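# Working through the structure, step by step
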Amino acid sequence: MIRVKEAILVEGRYDKSKLSALVDGLILEAGGFSLFRDKEKLRFLREVAKDRGLIILTDSDGAGFLIRGRLSSLLPPEHLKHAYIPDVYGKERRKAQPSKEGKLGVEGMDLPTLRAALERAGATLEEGLAPPQREKVRKSDLYELGLSGQPDSEKRRKALQRALALPERLSANGLVQAASALYGREEFLRLAGEFFQQEEGDA
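The rules we used
Residues numbered from 1 in each chain as written. Predicted model: local features only at pLDDT ≥ 70, side-chain atom pairs only at ≥ 80, totals over all residues. Heavy atoms only, no water. Buried < 20%, exposed > 50% of the residue type's maximum accessible area, 1.4 Å probe, protein only. Helix = DSSP H or I, 4+ residues; strand = E, 2+ residues; numbered from the N terminus. Salt bridge = Lys/Arg side-chain N within 4 Å of Asp/Glu carboxyl O. Pairing = 2+ DSSP bridges. Axes fitted to C-alpha atoms, helices over the stretch in contact; angles between N-to-C directions. Contact = heavy atoms within 4.5 Å. Core = buried A, V, L, I, M, F, W, Y, C linked by side-chain atoms within 4.5 Å. UniProt positions renumbered as here; feature names shortened; annotations may be inferred. Phe/Tyr/Trp six-rings, centres within 6.5 Å; stacked < 30°, edge-to-face > 60°. Lys NZ or Arg CZ within 6 Å of the ring centre and 35° of its normal. Arc of directions from axis to C-beta.

Per an unreviewed UniProt entry, the protein chain goes by DUF4093 domain-containing protein and derives from Candidatus Acutalibacter pullistercoris.

### Comments concerning helix 7 (residues 172-182)
Among the 11 residues that make up helix 7, nine are buried, leaving the element largely enclosed by the rest of the structure. Gly184 lies just past helix 7 and shows a positive phi near 85 degrees.

### A closer look at the pattern of salt bridges
Scanning all chains against the criterion turns up 13 salt bridges. Across the pair Arg3 and Asp24 runs a salt bridge whose closest N-O atoms are separated by 3.2 Å. With Arg3 in strand 1 (residues 2-3) and Asp24 in strand 3 (residues 23-24), this residue pair connects regions lying 21 residues apart in the sequence. Overall, the relative accessible area of 44% leaves Arg3 in the partly exposed class. Relative accessible area serves as the criterion here: at 36%, Asp24 is assigned to the partly exposed category. A cluster of three or more residues bridged by salt bridges with shared partners is formed by Glu135, Arg138, Asp141 and Arg185.

### Quick notes on the sheet that holds strand 4 (residues 27-29)
Sheet architecture is open: four strands sit in the order 4-2-5-6, paired in parallel fashion. Two strands bound the open sheet, and with one partner strand each, they are strand 4 and strand 6 (80-83). Across the sheet, the axes of successive neighbouring strands diverge by a mean angle of 30 degrees, strand direction being ignored. Pairing geometry for strand 5 (residues 54-57) and strand 6, over four bridges, is parallel. Its bridge partner being in strand 6, Ile56 is matched across the sheet by His82. Packed onto the sheet, helix 1 (residues 13-20) meets strand 2 (7-10), strand 4 and strand 5 and runs at close to 170 degrees relative to strand 4.

### Brief notes about the nonpolar core
Leu142, Leu147, Leu160, Leu166, Leu175 and Phe188 are the most contacted members of the largest nonpolar core, which has 23 residues in total. Within the residue set of this core, elements represented by two or more residues are helix 6 (153-163), helix 7 and helix 8 (185-202). Ranked by residue count, the leading element in this core is helix 7, at six residues. When residues no more than four places from it in sequence are discounted, the contact partners of Leu142 are Val137, Leu147, Ser148, Ala172, Leu175, Val176 and Phe188. Grouped together as the second largest cluster of nonpolar side chains are 21 residues, Val10, Leu22, Val106 and Leu125 included.

### Notes on the UniProt feature "domain: Toprim" (unreviewed entry) in the protein chain
The feature "domain: Toprim" (unreviewed entry), as given by UniProt, occupies residues 5-90 in the numbering adopted here. The span residues 5-90 is 41% helical and 20% strand by assignment, and the distance between its end C-alpha atoms comes to 31 Å.

### Describing the packing of aromatic side chains
In total, this model carries two aromatic pairs according to the counting rule given. Taking the centre distance of 6.3 Å and the plane angle of 35 degrees together, the rings of Phe65 and Tyr84 count as tilted. Placement of Phe65 in helix 3 (residues 62-74) and of Tyr84 in the loop between strand 6 and helix 4 (111-120) is noted, with a sequence separation of 19 residues between them. Taken individually, Phe65 and Tyr84 each receive the classification buried, so the pair is uniform in this respect. Between Arg68 and the ring centre of Phe65, over which it is positioned, the NZ or CZ distance is 5.9 Å. Across from the ring centre of Tyr14, 3.6 Å away, lies the NZ or CZ of Arg94, which sits over that ring.

### Brief notes about the side chain of Arg185
Inspection of the secondary structure assignment puts Arg185 in helix 8. According to the relative accessible area criterion, Arg185 is buried, its value standing at 18%. If sequence neighbours within four positions are ignored, Arg185 has contacts with Glu135, Lys136, Val137, Arg138 and Asp141.

### Some details on helix 4
Restricting attention to buried positions, one finds in helix 4 the residues Leu114, Ala117 and Leu118. In an axial view of helix 4, the angular spread of the buried residues amounts to 95 degrees, which keeps them on one side of the axis. On its buried face, helix 4 sits against strand 1, strand 2, helix 1, strand 3, strand 5 and strand 6. After helix 4 finishes, the residue Gly122 shows a positive phi value of roughly 90 degrees.

Next up, the structure:
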């Protein structure tokens, strides 16, 4: 178990149950899209975010990204951290069928993967792991790497995102946000440079 200072927001009760096996701390449920009609709950989330910080940990499918995006516009960004799980295809045990996109959600991730997602998001752990101070990735970095503003940018972005175990649905702006949170500018530029150098060598 790890103790996390920030509150963590997940999509539903199965996600909360899974995360509770790892985290000793405040874990909140979004409860789906009804959250955005619940003014009291949104007010509570704002207060929690300002008081202790809030980590958003949603699934890597379309619904998860929609919830993450909406919350990012409704809550104070300076008090938010974003944890991302990788795209892993499969089916949760309790479900008869895979999800619409065939990806495992938070409840389907193993605990080491969830811990790594929280650590890379900069979660403040009582064990003494302080949030890393990283320079943020710039939108201009993506342009210089050919990841935005070019005819094949989307293809290049998706290839890099797969290599870095990032969700494929990330837009250019989403990649800036995720890469800043998970790697920082220096490490992201190094990893991207190494990836494309290898790609060119294999071509």
